[in-house]
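Coordinate analysis (summary)
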Amino acid sequence: MIKINENFLKLQAGYLFPEIGRRVAAHAAANPQAPIIKLGIGDVTEPLPPAIIEAMHAAVDEMARDETFRGYGPEQGYEFLRKAVIENDFLPRGVDLEPDEVFISDGSKCDVGNFQEIFGLDNVVAVTDPVYPVYVDTNVMAGRTGDALQQGGYGQIVYMPCIAENNFVPELPAEPVDLVYLCYPNNPTGAVAGAEQLSKWVDYARQNKAIILFDAAYEAFISDPAIPHSIYEIDGAKEVAVEFRSFSKTAGFTGIRCALTVVPKALRAYTAAGAAVDVKAIWNRRHSTKFNGASYISQAGAAATYTPEGKTQIRAIIDLYMSNAATIRRSLTKLGYEVYGGVNAPYVWLKTPDGVGSWDFFDILLSKADVVGTPGAGFGAWGEGYFRLSAFNKPESVKEAMDRFAKLIW
Ligand SMILES: *Cc1c(COP(=O)(O)O)cnc(C)c1O
């Protein structure tokens, strides 16, 4: 008899986005003329700029000729891309990496979801609350957690509250933890972590022989020059941190698929007997066993984001999204809302007025203003009372959504 992996049965139904979809569909069915504006999704809206399109067209043409056709590439990614990543994303910030410390893939969601599998099941996992659900659910599937709890979340996971009072950066946990997921700039709160805050975490990891999985998917949206773009800007981080980056939000690659994971050669995990193990070697073994490389065409497109034209063009798109974020912040602040984020990240995290629950706020906004956002409670218990608005949309739509907010009467 074939047995199922019962850890999968512990998973709570993917509740958030299906539930939003259901409520939006019901509203649209009841109000077929409703001019719905979606500020709920974490997906880009602008098409790819010309420098990237040209590079991908050229790559397709290479595939059409005997002399330039390419089959399987290196599982870790083409050297041209790994070198471009290091030279453009890391060296200018004082972070020196070798090409074999950079692993190209087809997405950060897979990398950040897969990485946990090279660690033992008895590690204690710590996540922020609110949290990007991938970090939690992949640990549930692996069997590193207890059952779903009545109050939300899962047993045996350490949830670290991120609220206005701590600027949405968690305090160090009271109990020892082994694997820590941090995401800055943060989805969903739009918060950033400064060098001092990251240093505390790096020191903690070094003292406790823990590892930090640092999700930097939104680093390109940082505007404050004092905020680190990479955790490796912090001394000692190469011994304790993995960093995930993606071309998805940076360059509009959500439908193209290309990302990278940095696993420094200095990074160590330990056997039960306490012997140090080279994590990069293990990840390389895992990656090359289960993954056969990202598409050459995607990698050629990703490399084009580092050409002078590519840089200018993707910067213009990021600026457009960030000007949307500024519009949202400015409008809501004027209306008296407490707003966070939206300065170094494409998300604005607002406190719901008068202590309205985040799902009630969702329903009011949808029914009275035809605007869709994301209830904070969907990202964790500490997200209750908050609401996420995304800056990924057309400027006209964002302005229109803000005009409707202004007419909302509570
Ligand atoms: C969008 C996003 C990613 C990127 O995922 P891809 O699979 O590379 O598209 C990673 N982490 C967070 C928190 C995100 O919001």
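The structure presented is a predicted model; accordingly, all values stated were derived computationally and were not measured.

As for the overall build of the chain
Helix and strand counts for the chain come out as 13 helices and 15 strands. What you see for the chain is a C-alpha radius of gyration of 22 Å, in line with the 22 Å of a compact globule of 410 residues. If you line up the chain on its principal axes, its C-alpha atoms span 60 × 55 × 55 Å. Nonlocal contacts in the chain, meaning residues at least 24 apart in sequence, comprise 71% of its contacts between residues at least 6 apart. Accessible surface, the chain as shown: approximately 18000 Å² in total, 54% of it carbon and sulfur.

Some remarks on the domain arrangement of the chain
Frequently, the measure chosen for interface size is the accessible area that the parts lose on association. Segmenting the chain into domains produces domain 1 (6-46 + 312-407) and domain 2 (53-308). Residue-level contacts link 31 residues of domain 1 with 39 residues of domain 2. Put simply, domain 1 and domain 2 have 14 residue pairs in polar contact (both at pLDDT 80 or more) between them. Contributing elements (two or more residues each) for the side of domain 1 that touches domain 2: α1 (7-10), α11 (308-334), β11 (338-341), β12 (347-351) and β15 (386-390). Counting residues per element, the side of domain 1 that touches domain 2 draws most heavily on α11, at 6 residues.

Concerning the packing of helix α2 (residues 16-30) against helix α12 (residues 358-369)
Two elements in contact, α2 and α12, have axes whose closest approach is 11 Å; the angle formed by their N-to-C orientations is 30°. Relative to α12, α2 is oriented roughly parallel. Note that α2 runs across α12; the crossing there is right-handed. Two secondary-structure elements touch here, α2 through Leu16, Glu19, Ile20, Arg23, Val24 and His27 and α12 through Trp359, Phe362, Asp363, Leu366 and Ser367. Across the contact of α2 with α12, the residue classes tally to 6 nonpolar, 2 polar and 3 charged.

Looking at the sheet that holds strand β3 (residues 125-129)
Backbone hydrogen bonds are what pair the strands of a sheet, in a parallel or an antiparallel way. Ordered by their spatial adjacency, 7 strands build an open sheet running β2-β8-β7-β6-β5-β3-β4, and the pairing between neighbours is mixed. The open sheet is flanked by β2 (102-105) and β4 (157-161), the only strands paired with a single partner. Here the average twist between neighbouring strands, direction ignored, is 20°. Both β2 and strand β8 (residues 259-262) contribute to a ladder of 4 bridges, which runs antiparallel. Its bridge partner being in β8, Ile104 is matched across the sheet by Leu260.

Observations concerning α12
The end-to-end C-alpha distance of α12 is 16 Å, a good match for the 16 Å that 12 residues give at a rise of 1.5 Å each. Restricting attention to buried positions, one finds in α12 the residues Ser358, Trp359, Phe361, Phe362, Leu365, Leu366 and Ala369. For α12, the buried positions fall inside an angular range of 160° around the axis, keeping them on one side. Buried residues belonging to α12 abut α2, β12, β13 (371-372), β14 (374-375), β15 and α13 (395-407).

What about unusual backbone geometry?
Looking along the chain, the bond that leaves Asp129 and enters Pro130 is cis, with omega of 5°. Along the polypeptide, Pro130 turns up in the loop between β3 and α6 (133-142). A cis amide bond links Tyr184 with the next residue in sequence, Pro185, at an omega value of -5°. Phi is positive for Phe168, which is not a glycine, with a value near 65°. Among the structural elements, Phe168 can be located in the loop between β4 and β5 (179-183).

Reading the values: rules and limits
- Residues numbered from 1 in each chain as written.
- Predicted model: local features only at pLDDT ≥ 70, side-chain atom pairs only at ≥ 80, totals over all residues.
- Heavy atoms only, no water.
- Helix = DSSP H or I, 4+ residues; strand = E, 2+ residues; numbered from the N terminus.
- Rg over C-alpha atoms; globule rule 2.2 N^0.38 Å.
- Contact = heavy atoms within 4.5 Å.
- Areas by Shrake-Rupley, 256 points an atom, 1.4 Å probe, with all protein chains shown as cover.
- Domains from an automatic or database assignment.
- Polar contact = N/O pair within 3.5 Å; in protein donor to acceptor, adjacent residues only side chain to side chain.
- Axes fitted to C-alpha atoms, helices over the stretch in contact; angles between N-to-C directions.
- Parallel < 35°, antiparallel > 145°, perpendicular 65-115°, else oblique.
- Left-handed = near helix turned anticlockwise from the far one by under 90°.
- Nonpolar A, V, L, I, M, F, W, Y, C, P; charged D, E, K, R; others polar.
- Pairing = 2+ DSSP bridges.
- Expected span 1.5 Å × (residues − 1).
- Buried < 20%, exposed > 50% of the residue type's maximum accessible area, 1.4 Å probe, protein only.
- Arc of directions from axis to C-beta.

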